[in-house]
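Examining the three-dimensional arrangement
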Amino acid sequence: MVMLKELKEKYWTYKNKQARKNKLDLPENKCFSDLVHSQDPDATFTLKKATLSGNKTNLEAAIDWILRAQKATQDDGVALGYFPVSEHNGWMPSYPETTGYIITTLLNTANTYDLPDLKEKALAMADWEVEVQMANGAVQGGPVCPPEQQTAAAFNTGMVADGWMSAYEFTNDEKYLAAAVKAANFLAGDLDENGFFKTNGNVVSANEVKTYTCLCAWAMYRVGKSTKNQLIMDAAIRSVESA
């Protein structure tokens, strides 16, 4: 039985890889296919060393890709990714978590290089995040979905709260602060007796401690400091100390 199971797994692995390769060879994927094959004739990706020299050309290319990912969605969020040879066949729906911290990145970039259009794109992302925030203040896990299918995720909530705080600090618009406060209150209430966040959503394994969620502490502390809420700041510190 074990051997039969292994054979089945190998078969389906091969079948899935072959299906992806067939999609890669479609005419509409030629640009992507050329890029893949230019890196490796066997169609496997390689990682190229990034430079940290402040290359503005690289920055502009990265920002351009992010804005294309935003434009590709049906809303003002940023797509989870581009997967032309997967079952998604291209751009995926908006992803609240990564859109959240992209907001901070774009606003800082817009401020550094005086790019008002980029600032507007970032604020459109922040507005969209307010629209899809859950009633309890949390942010959902996974790609955006209808409200009745949303499940809260602590990590995602912290990442989006960081974006809202950046939007608030750049605009003084209270709607961003209000959303961030709701998120911070959810996070503070989600800590267990040991200082770990309990709610991870349905897209990650359950019943395990996720120490990386302590990254939510920065957004929580920003909210607490801005609103002079010591309880929120204490909760943020407790999360870091527990991790």
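Residues numbered from 1 in each chain as written. Predicted model: local features only at pLDDT ≥ 70, side-chain atom pairs only at ≥ 80, totals over all residues. Heavy atoms only, no water.

Remarks on the overall build of the protein chain
This is how the line gets drawn: Numbering of helices and strands runs from the N terminus, with a helix taken as a DSSP run of H or I at least four residues long and a strand as a DSSP run of E at least two residues long. Residue exposure ignores everything except the shown protein chains as possible cover, and the areas themselves are Shrake-Rupley values with a 1.4 Å probe.
What the protein chain contains, in helices and strands, is 9 helices and 2 strands. Tracing the protein chain from N to C terminus, the helices and strands come up as α-α-α-β-β-α-α-α-α-α-α. Accessible surface, the protein chain: about 14,600 Å² in total, of which carbon and sulfur atoms supply 56%.

A short note on the packing of helix α3 (residues 56-71) against helix α4 (residues 96-113)
Inclusion rule: To define axes, lines are fitted to C-alpha atoms, for helices over the stretch in contact only, and angles between the resulting N-to-C directions are given on a 0 to 180 degree scale. Our angle categories are set so that under 35 degrees counts as roughly parallel, over 145 as roughly antiparallel, 65 to 115 as roughly perpendicular, and the remainder as oblique. By convention the crossing between two helices is left-handed if the near helix lies anticlockwise of the far one by an angle smaller than a right angle, and right-handed if it lies clockwise. For this analysis, residues touch if any pair of their heavy atoms sits within 4.5 Å. Residue type decides the class: Asp, Glu, Lys and Arg count as charged, Ala, Val, Leu, Ile, Met, Phe, Trp, Tyr, Cys and Pro as nonpolar, and the leftover types, Gly among them, as polar.
At a minimum axis distance of 12 Å, the contact between α3 and α4 shows a crossing angle of 135 degrees. In terms of axis orientation, α3 runs oblique to α4. Where α3 crosses over α4, the two elements pack in a sense that is left-handed. Across from Lys56, Leu59, Ile63, Ile66 and Leu67 in α3, the residues of α4 making contact are Ile102, Leu106, Thr109 and Tyr113. Class assignment of the residues belonging to the contact of α3 with α4 gives a composition of 7 nonpolar, 1 polar and 1 charged.

Topic: empty space enclosed by the protein
Going by this rule: Residues are said to line a cavity or pocket when one of their atoms sits within 4 Å of a point; the points come from a 1 Å grid over protein atoms alone, cavities being sets where a 1.4 Å probe fits but cannot get out and pockets being open sets with protein on both sides within 12 Å along at least five of seven lines. Grid points are joined across faces, edges and corners, and a volume is the space filled by probe spheres set on the points.
Applying the stated rule across the entire model yields 1 cavity of 30 Å³ or more. Taken as a whole, the largest cavity spans an internal volume of roughly 40 Å³. Forming the walls of the largest cavity are Gly195, Phe196, Phe197, Lys210, Thr211, Thr213, Cys214, Ser239 and Ala243. Across the lining of the largest cavity, the residue classes break down as 4 nonpolar, 4 polar and 1 charged.

As for the packing of aromatic side chains
Quick note on the threshold: Ring pairs are drawn from Phe, Tyr and Trp, using the six-membered ring of Trp, whenever the two centres fall within 6.5 Å, and their geometry is named by plane angle: stacked under 30 degrees, edge-to-face over 60, tilted for the rest. Working definition: with a 1.4 Å probe on protein chains only, accessible area under 20% of the residue-type maximum means buried, over 50% means exposed, and in between means partly exposed.
This structure, assessed with the given rule, holds 3 aromatic pairs. Each ring, one from Tyr82 and one from Trp91, has its centre 4.9 Å from the other, and the planes form 50 degrees; the classification is tilted. A residue is classified by how much of its surface remains accessible, and Trp91, at 29% relative accessible area, is partly exposed. Between Phe155 and Tyr212 the ring centres are 5.2 Å apart and the planes differ by 80 degrees, which places this aromatic pair in the edge-to-face class. Taken together, the residues span a long stretch of sequence, with Phe155 in helix α6 (residues 154-171) and Tyr212 in the loop between α7 (174-190) and α8 (216-227) at a distance of 57 residues. Grouped by ring-pair contacts, the aromatic residues Trp65, Tyr82 and Trp91 constitute a single cluster.

Comments concerning the environment of Phe196
Inspection of the secondary structure puts Phe196 in the loop between α7 and α8. As for Phe196 and Val209, which are separated by 13 residues in sequence, their C-alpha atoms are 6.9 Å apart. Phe196 has contacts with Asp190, Leu191, Val209, Thr211, Ser242 and Ala243, leaving out every residue within four places of it along the chain.

Overview of α6
Note the threshold: Each residue after the first adds 1.5 Å to the expected span of a helix.
With 18 residues, α6 should reach 26 Å at 1.5 Å per residue; the first-to-last C-alpha distance of 26 Å fits that figure. Looking at the residues trailing α6, positive phi occurs at Asn172, about 60 degrees.

Section: the pattern of salt bridges
Note on pairing: side chains with opposite charge can pair once their charged atoms come close. Quick note on the threshold: Salt bridge, as applied in this entry: a Lys or Arg side-chain nitrogen positioned within 4 Å of an Asp or Glu carboxyl oxygen.
A full pass over the atoms with the stated rule returns 4 salt bridges. Its salt-bridge partner being Lys175, residue Asp127 comes within 3.0 Å of it at the nearest N-O pair. With Asp127 in helix α5 (residues 116-132) and Lys175 in helix α7, this residue pair connects regions lying 48 residues apart in the sequence. Relative accessible area serves as the criterion here: at 24%, Asp127 is assigned to the partly exposed category.

Points about α5
For α5, built from 17 residues, the straight-helix expectation of 24 Å at 1.5 Å per residue is met to within 8% by its first-to-last C-alpha distance of 25 Å. Those residues of α5 that are buried are in contact with α3, α4, α6 and α7.

Let's talk about the nonpolar core
So the rule is basically this: To qualify as a nonpolar core, a set must consist of buried Ala, Val, Leu, Ile, Met, Phe, Trp, Tyr and Cys residues joined through side-chain atoms within 4.5 Å.
In terms of nonpolar packing, the biggest core is built from 44 residues, with Leu106, Met125, Trp164, Tyr176, Leu187, Phe197 and Met220 touching the most fellow members. It is α7 that provides the largest number of residues to this core, a total of 8 residues. Setting aside residues no more than four positions away along its own chain, Phe197 makes contact with Ala154, Leu187, Asp190, Leu191, Thr213, Cys216, Met220 and Ser239.

What about unusual backbone geometry?
Although it is not a glycine, Asn172 adopts a positive phi angle of roughly 60 degrees. The topology assignment puts Asn172 in the loop between α6 and α7. The backbone of Lys228 sits at a positive phi, close to 55 degrees, despite the residue not being glycine.

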